[in-house]
Amino acid sequence: MNSDIIIIGAGPGGYETAVYAAKRGLSVTIIESEKPGGTCLNEGCIPTKSFCRNAALMEDLKHAEQFGINDLSYTFDFKKVVERKNEVVRTLVQGVKFLMKNKLITYVQGKASFKNENTVLVNGEEYTAKNIIIATGSVTKYLPIEGKSLSGVITSKEILDIDHIPERLCIIGAGVIGLEFASIFNAFGSKVTVLEYMKEILPSFDTDLTKRLKQSFVKKGIEITNQAAVQKINKSETDGELVVSYEFKGETKECIADTVLMAVGRAANVDSLNLSDINIAFSPKGIEVNESMQTNRPHIYAVGDVNGKCLLAHAATFQGMIAIHHILGEKDNIRLDVMPSAVFTFPEVATVGLTEEQCKEKGIAYKAKKSFFRANGKAISMNEPDGFCKILSDENGKILGCHLFGAHAADLIHEISSLINKGTTVQEFKDMIHAHPTLSEVIQECGKEF
Ligand code: NAD
């Protein structure tokens, strides 16, 4: 079968690109070996957000008395939590299947591998196209240590289908995945310990922000050890406990748990593609691409986690659009350097643009100003006073970055993201009216500080 484009993988990089290509009049064959929706929908963003909603409810219940609700008594049916999560995923997978019913899109179920640079094999059938987009995403990584395969040592994929709340959960890695699950299972009642190799949690984020987040975690009873290099995991023969051994400041320490979550990053999913045979350049970080998402074979593109540039669902979608524009010979104004990202902890974290650390590294003169949720009427009414907003501007007042920590930070960040995208200055921002009383006023107040 021949089409204008073959897309391998139906995650946010693949299915969104297929829909966009079809909208632009291109015929597409999209190939998926699992369920449509990819990691994001099936074992990432969406199922964790369903858990997050449960965790938020649990947090509210903990503080019910502050709202005059006394003598609450309830039981927590974790099976129901997993069932609800599965239902949310099922509904959205149906939505993606519906989107694939476009007359210009052919959806093929199966594992694809390259036969040659214009032909892909699936279930013994050949599919050809002038252009091919690889959007196969990423897979969970395990630390190459003793004990990584013991039962009870799991990744972000398995923890979503766990049938009980672990009493003691040890999380290896304080990146995005580690911290989201730390927040969720802390709210569910687990005793959570996080072991992180680097000096800070969320190592690539603004340090001011991550320090505050760490304090907030510790206040909730989550134990976090930084500069902990995990060495091995053993299972105690007497009671089946998992013993995680790590080096901390030259000493060997142990963390005892019944479940260990490995959250130490993800690796490009390229194994079954047969890339070497068609000489596509890739490294352990992913398939190498240029700014148009072309691989070293100009008619073959790679978008999303598989190219290792930015492991975010929305990055994959926009990289896919860039590839389609390139195929159509069009220019666009998509700015991949203005990439908002959010961490769904309690409270949420969100960030866009440069951090103070990056400004210093690049030698950019900057100003940083802050405002606080504790001075915001809506945040106080919501009983969510924890958090701040930090905005950075350059010497001419142009907004460079924003780092938010607090209630609904993930939704609030887009205001500044749009302003950075359009090169707005803090002076221009100051004239923009915000409704009262809203959390957005935290951002407005920050602007007024300049
Ligand atoms: P990550 O790279 O964000 O974090 C992994 C952490 O593990 C790092 O902080 C690293 O220092 C630590 N680590 C590595 N080896 C260690 C060791 N031996 N001992 C202790 N700590 C160790 O990876 P992740 O959290 O697994 O997430 C994977 C990807 O998925 C990321 O790129 C992330 O951005 C993306 N993701 C994004 C979201 C979101 O945007 N909300 C949610 C989930 C995942």
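Keep in mind that what you see is a predicted model, and the values were worked out from it rather than measured.

1. Things to note about the pattern of salt bridges
On inspection of all chains with the given rule, the structure shows 18 salt bridges. Of the charged contacts, one joins lysine 49 and glutamate 180 as a salt bridge, the two residues approaching to 3.4 Å between their closest N and O atoms. A residue pair is termed long-range when its members are at least 10 positions apart, and lysine 49 in helix 3 (residues 45–62) and glutamate 180 in helix 6 (residues 176–188) qualify at 131 residues. Note that lysine 390 is salt-bridged to aspartate 208, the shortest N-O span being 3.1 Å. With lysine 390 in strand 23 (residues 388–394) and aspartate 208 in helix 7 (residues 207–219), the pair connects residues that are 182 residues apart, well separated along the chain. Shared partners join several salt bridges into a network, and the residues in it are Asp206, Asp208, Glu356, Lys370 and Lys390.

2. Considering the side chain of glutamate 59
Tracing the sequence through the fold places glutamate 59 in helix 3. Residue glutamate 59 is classed as buried on the basis of its relative accessible area of 11%. Among residues more than four places away in sequence, those in contact with glutamate 59 are Asn186, Ala187 and Lys220.

3. Quick notes on the packing of aromatic side chains
Enumeration according to the criterion identifies 11 aromatic pairs in this entry. Between phenylalanine 185 and phenylalanine 188 the ring centres are 5.4 Å apart and the planes differ by 80°, which places this aromatic pair in the edge-to-face class. Here the residue phenylalanine 185 and the residue phenylalanine 188 both occupy positions in helix 6, the gap between them amounting to three residues, near one helical turn. On the accessibility criterion, phenylalanine 188 (6% relative accessible area) is buried. Each residue in the set Phe51, Phe76, Phe78, Phe181, Phe185 and Phe188 is aromatic and connected to the rest through ring pairs, giving one cluster. The ring of phenylalanine 388 carries the charged tip of lysine 370 above its face, separated from the ring centre by 4.8 Å.

4. Observations regarding the packing of helix 1 (residues 15–23) against helix 8 (residues 313–327)
For the pair helix 1 and helix 8, interaxial distance at closest approach is 8 Å and the crossing angle is 35°. The interaxial crossing formed by helix 1 with helix 8 has right-handed handedness. Contact with helix 1, carried on its side by Glu16, Thr17, Tyr20 and Ala21, involves Thr317, Gly320, Met321, Ile324 and His325 of helix 8 and no other residues of that element.

5. Things to note about the domain arrangement of the protein
Each assigned domain of the protein is listed here: domain 1 (2–139 + 267–327), domain 2 (153–264) and domain 3 (347–448). Placing a centre on the C-alpha atoms of domain 1 and another on those of domain 3 gives a separation of 30 Å.

6. A word on the layout of surface pockets
Considering only enclosed or pocket space, the second largest pocket measures out at about 850 Å³ in volume. Lining the second largest pocket we find 26 residues, and of these Glu59, Asp60, Lys220, Phe346 and Glu384 sit closest to its centre. Taken together, the elements giving at least two residues each to the lining of the second largest pocket come down to helix 3 and helix 7. Per-element accounting of the lining of the second largest pocket gives the leading share, seven residues, to helix 3. Taken together, the residues of the lining of the second largest pocket break down into nine nonpolar, seven polar and 10 charged.

7. Some words on the site of the ligand
Taken together, 22 residues form the shell around the ligand, and within it Ile177, Glu180, Glu196, Gly265 and Ala342 come nearest. The fraction of the free accessible surface of the ligand (850 Å²) that becomes covered by protein chains is 77%. Of all the elements, helix 6 adds the most residues to the shell around the ligand, at three residues. For the shell around the ligand, a count of residues per class yields 16 nonpolar, three polar and three charged.

8. Focus: the sheet that holds strand 14 (residues 251–257)
Spatial strand order, 12-13-14: three strands in an open sheet with antiparallel pairing. Taken across any chain shown, the strands that pair with only one partner, and hence form the sheet edges, are strand 12 (228–235) and strand 14. When strand polarity is set aside, the average angle formed by the axes of neighbouring strands in this sheet is 25°. Sheet topology note: the strand 12/strand 13 (residues 242–248) ladder contains seven bridges and is antiparallel. Opposite valine 230, over in strand 13, you have tyrosine 246 as the bridge partner.

9. Overview of helix 4 (residues 78–99)
Compared with an ideal rise of 1.5 Å per residue, which puts 22 residues at 32 Å, helix 4 spans 32 Å between its outermost C-alpha atoms and is within 8% of the ideal. Elements that come into contact with the buried residues of helix 4 comprise helix 1, helix 2 (38–43), helix 3 and helix 6. The distance from a side-chain oxygen at the start of helix 4 to the backbone nitrogen of lysine 79 is 3.2 Å, and the residue carrying that oxygen is aspartate 77.

10. Quick look at the pairing of strand 24 (residues 399–406)
Judged by how many residues are buried, strand 24 sits mostly within the fold: eight of eight residues are covered. As judged from the six bridges shared by strand 23 and strand 24, these two strands associate in the antiparallel manner. Note on strand 24: the bridge partner recorded for serine 393 is isoleucine 399. The antiparallel pairing of strand 23 with strand 24 creates a hairpin that spans four residues between the two strands, and glycine 397 there sits at a positive phi of about 90°.

11. A short note on empty space enclosed by the protein
One simple way to see leftover space: roll a probe sized like a water molecule over the atoms. The tally for this structure, following the rule as stated, stands at one cavity of 30 Å³ or more. Considering only enclosed or pocket space, the largest cavity measures out at about 40 Å³ in volume. If you trace the largest cavity, you find it lined by Thr140, Lys141, Thr155, Ser156, Ile177, Met262, Ala263, Val264, Gly265 and Arg266. Within the lining of the largest cavity, the residues separate by chemical class into four nonpolar, four polar and two charged.

12. A closer look at the sheet that holds strand 11 (residues 223–225)
Taken together, the five strands give an open sheet; going across it, the order is 8-15-9-10-11, and neighbouring strands pair in parallel fashion. Looking along the sheet, the strands with just one partner apiece sit at the ends: strand 8 (153–155) and strand 11. With direction set aside, neighbouring strand axes in the sheet form an average angle of 20°. Summarising the sheet, strand 9 (residues 168–172) and strand 10 (residues 191–195) pair through five bridges and their orientation is parallel. By the bridge assignment, cysteine 170 is partnered in strand 10 with threonine 193.

About the thresholds
Residues numbered from 1 in each chain as written. Predicted model: local features only at pLDDT ≥ 70, side-chain atom pairs only at ≥ 80, totals over all residues. Heavy atoms only, no water. Salt bridge = Lys/Arg side-chain N within 4 Å of Asp/Glu carboxyl O. Helix = DSSP H or I, 4+ residues; strand = E, 2+ residues; numbered from the N terminus. Buried < 20%, exposed > 50% of the residue type's maximum accessible area, 1.4 Å probe, protein only. Contact = heavy atoms within 4.5 Å. Phe/Tyr/Trp six-rings, centres within 6.5 Å; stacked < 30°, edge-to-face > 60°. Lys NZ or Arg CZ within 6 Å of the ring centre and 35° of its normal. Axes fitted to C-alpha atoms, helices over the stretch in contact; angles between N-to-C directions. Left-handed = near helix turned anticlockwise from the far one by under 90°. Domains from an automatic or database assignment. 1 Å grid on protein atoms, 1.4 Å probe; cavity = no way out; pocket = protein on both sides within 12 Å on 5 of 7 lines; lining within 4 Å. Points joined across faces, edges and corners; volume = space filled by probe spheres on them. Nonpolar A, V, L, I, M, F, W, Y, C, P; charged D, E, K, R; others polar. Near = heavy atom within 4 Å. Areas by Shrake-Rupley, 256 points an atom, 1.4 Å probe, with all protein chains shown as cover. Pairing = 2+ DSSP bridges. Expected span 1.5 Å × (residues − 1). Polar contact = N/O pair within 3.5 Å; in protein donor to acceptor, adjacent residues only side chain to side chain.

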